[in-house]
Amino acid sequence: MIIVSLTGTKSLTTLKLSKDEVSPWDIEWAYDGINLCFLQCRAVTTLPASKSSEEIVFDNSNIQGSNPVSSCVVFRDAKPSKKEYRHFHVKTVVGPNDFASMDGLEAKVKLFPLFSRRVEIAAFKLENPVINLEKRTDGDANWVMGDKTSEEAPEVPADTGPFKRDGRYANLDPAIGLFSIENGSISYADATTDTQYALTEANLEFSLPSLAKPVSVKGDVIVDGEPVDITVSLDTPRAFLDGLEAPVSFDIATNFADISAKGAFLKSEDLSLTLDVKGDISDVSALSAYVPTEIPLADVAKTVNLSGTYAYDGKILSATSADITAKGDTLDLSFKGNARLTETPVIDGAVKLDLADIAKLAAALKLDIPGLDVAKTLSFSADMNAEGQ
């Protein structure tokens, strides 16, 4: 930052930028009545490729969230049209509203691969990155660039379903020696559904020499106010993205759960996987807010300890050789065996149960248990083979 002090009424300060009439300049400055501060000064040397003879570019700025302003530059036939430049005072935005910002970025690029037109990054570090994702009530999103009404824009079918592993990233193969994030934040707000998510204080580190090689991620983050320690390994990202079998393992530690798992994403376009799991969950209701499917016992169980092999095909959760204990105010349950949690649950195994409210458990598991009008409590031990009965 350059600070110029203006103390006299006849003082005149001129910043000579360039004689190059082709490149415009991006200048961010502030003036407090005495000091003129140049916060940023750089030449705009590139423009996106376009078939149009007219390009209009806007740039927004603020001072730590206050005094938002915006400027507009216009290019006609690849030359600046200075008479059409404009400066605006922004009145409808409160606080910083950038899609992404950061305090620092450090990148180390390998030199020799550049001669063969390959980019290999030896190290890439982001300091205090902040990403704000917003969808407004009209459906517009701040991460969508360009004019959506432009006739030049190609028509891309909307993907309204879940993430697909269908090989759509086949041409992507970055090479990063060490990628690290220090104190990162991501927020998401959807005004159409009135939902909000926040990920803060993210500190992550991983190496990605190629999508065709194993990758591991280790770090800590705060998700919607809950601190989470994460260790994940995937062999390989390319197999995962292309819908092939991809071994995976992870360890997750939070204030309400410690879970470790080892298994594989299965051959499928969907997020289907099978995992050998060991878990100690001290607050089932807190965990249920972070998993992609409903936890049937979340309404009646407070704590759960589990082990076994668990599979999810995108729709159905199943367990093999499961060893589960669950406890709550009205429930003390242990189960050893196999299960499939479908609309008609299939349970095959040994059960020990002390239950103070049978109707509540039946509703949670979506079971039709006869005699609920005459029996409220239950205590039993049995080998069970039930299919919705």
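Just so it is clear, the model here is predicted, and its values are computed rather than measured. (Residues numbered from 1 in each chain as written. Predicted model: local features only at pLDDT ≥ 70, side-chain atom pairs only at ≥ 80, totals over all residues. Heavy atoms only, no water.)

Visitor: Go over the overall build of the protein, please, and point to the residues and values.
Guide: Regarding its fold elements, the protein presents three helices and 23 strands. For the protein, the proportion of contacts with a sequence separation of at least 24, taken over those separated by at least 6, is 43%. Accessible surface, the protein: about 25800 Å² in total, of which carbon and sulfur atoms supply 55%. (Helix = DSSP H or I, 4+ residues; strand = E, 2+ residues; numbered from the N terminus. Contact = heavy atoms within 4.5 Å. Areas by Shrake-Rupley, 256 points an atom, 1.4 Å probe, with all protein chains shown as cover.)

Visitor: How would you sum up unusual backbone geometry? Please name residues and give values.
Guide: The peptide bond linking Asp235 to Thr236 adopts the cis configuration, its omega dihedral lying at 0 degrees. Secondary-structure assignment places Thr236 in the loop between β15 (226-234) and α1 (237-241). In this structure, Asn128 is a non-glycine residue whose phi angle is positive, near 55 degrees. Of note, Asn128 is situated in the loop between β10 (121-127) and β11 (130-135). Relative accessible area serves as the criterion here: at 27%, Asn128 is assigned to the partly exposed category. Positioned with a positive phi, Asn183 is a non-glycine residue whose angle comes to about 55 degrees. With respect to the helices and strands, Asn183 occurs in strand β12 (residues 176-190). (Buried < 20%, exposed > 50% of the residue type's maximum accessible area, 1.4 Å probe, protein only.)

Visitor: I'd like a description of the pattern of salt bridges, backed by residues and values.
Guide: Pairing is possible between side chains of opposite charge, provided their charged atoms come close. The full count for this structure, using the stated rule, is seven salt bridges. We note a salt bridge from Lys125 to Glu127, for which the minimum N-O separation is 3.8 Å. The partner of Lys164 in a salt bridge is Asp270, with the nearest N and O atoms 2.5 Å apart. On the criterion of sequence distance, the pair formed by Lys164 in the loop between β11 and β12 and Asp270 in the loop between β17 (257-265) and β18 (273-281) is long-range, its members being 106 residues apart. On the accessibility criterion, Lys164 (24% relative accessible area) is partly exposed. Classification of Asp270 by relative accessible area gives partly exposed; the value is 27%. One salt-bridge network, in which partners are shared between bridges, spans Lys125, Glu127 and Glu182. (Salt bridge = Lys/Arg side-chain N within 4 Å of Asp/Glu carboxyl O.)

Visitor: How would you summarise the pairing of strand β22 (residues 346-355) if you had to cite specific residues and measurements?
Guide: As judged from the 10 bridges shared by strand β21 (residues 331-341) and β22, these two strands associate in the antiparallel manner. Pairing of Ser334 across the sheet is with Lys352, part of β22. The hairpin turn running from β21 into β22, its antiparallel successor, is four residues long. (Pairing = 2+ DSSP bridges.)

Visitor: Would you mind going over the environment of Phe335 in detail, with residue names and values included?
Guide: By secondary structure assignment, the location of Phe335 is in strand β21. Given a relative accessible area of 9%, Phe335 falls into the buried group. Every residue in contact with Phe335, bar those within four places of it in the chain, is listed here: Ala322, Asp323, Ile324, Ile347, Asp348, Gly349, Ala350 and Val351.

Visitor: Please set out a nonpolar patch on the surface residue by residue, giving values where relevant.
Guide: On the surface, Phe163, Tyr169, Leu172 and Leu271 cluster together into a nonpolar patch covering about 340 Å² of accessible area. Looking at the element boundaries, Phe163 is found in the loop between β11 and β12. (Patch = residues over 30% accessible without salt bridge, like charges linked within 9 Å, V, L, I, M, F, W, Y side chains within 5 Å.)

Visitor: So what's going on with the packing of aromatic side chains? Residues and values would help.
Guide: Considering all chains together, one arrives at two aromatic pairs under this definition. Taking 5.1 Å as the distance between ring centres and 35 degrees as the angle between the ring planes, the aromatic pair formed by Phe179 and Phe206 counts as tilted. Of the two residues, Phe179 sits in strand β12 while Phe206 sits in strand β13 (residues 195-208), which places them 27 residues apart along the sequence. Residue classification places Phe179 among the buried residues on the basis of a relative accessible area of 15%. (Phe/Tyr/Trp six-rings, centres within 6.5 Å; stacked < 30°, edge-to-face > 60°.)

Visitor: Can you tell me about the environment of Val69, naming the residues and giving the values?
Guide: Its location among the elements puts Val69 in strand β5 (residues 66-76). In this structure, the C-alpha to C-alpha distance between Val69 and His87, residues 18 residues apart in sequence, is 7.7 Å.

Visitor: Can you tell me about the side chain of Thr254, naming the residues and giving the values?
Guide: Mapped onto the fold, Thr254 is located in strand β16 (residues 246-254). With a relative accessible area of 16%, Thr254 lands in the buried category. From its side chain, Thr254 meets the backbone nitrogen of Phe256 in a polar contact 3.0 Å long. When near neighbours in sequence (up to four residues on either side) are disregarded, Thr254 contacts Pro227 and Val228. (Polar contact = N/O pair within 3.5 Å; in protein donor to acceptor, adjacent residues only side chain to side chain.)

Visitor: Can you explain the side chain of Arg165? Please cite residues and give values.
Guide: Within the element layout of this structure, Arg165 appears in the loop between β11 and β12. Here Arg165 occupies a buried position and makes no salt bridge, while the nearest side chain of opposite charge, Asp270, is found at 8.2 Å. At 2.6 Å, the side chain of Arg165 and the backbone oxygen of Phe240 are in polar contact. A polar contact is formed between the side chain of Arg165 and the backbone oxygen of Ser268, at a distance of 3.2 Å. (Lys, Arg positive; Asp, Glu negative; His and termini not counted.)

Visitor: So what's going on with the confidence of the model for the protein? Residues and values would help.
Guide: Averaged over all residues, the pLDDT of the protein is 75; the fraction at 70 or higher stands at 66%. When pLDDT is averaged over each element of the protein, β17 comes out on top at 95 and strand β1 (residues 2-5) at the bottom at 44. Here residues 1-22 scores under 50 on pLDDT; set against residues more than four positions off or in separate chains, the count is 30 contacts. Every residue in residues 145-158 is under pLDDT 50, and counting partners more than four places away or in other chains gives three contacts. (pLDDT = per-residue confidence, 0-100.)

Visitor: Describe in detail the environment of Pro209, supporting the description with residues and values.
Guide: Residue placement: Pro209 occurs in the loop between β13 and β14 (215-223). Relative accessible area serves as the criterion here: at 39%, Pro209 is assigned to the partly exposed category. A C-alpha to C-alpha distance of 5.6 Å links Pro209 and Gly177, two positions 32 residues apart in sequence. Leaving out residues up to four positions away in the same chain, Pro209 has contacts with Pro174, Ala175 and Ile176.

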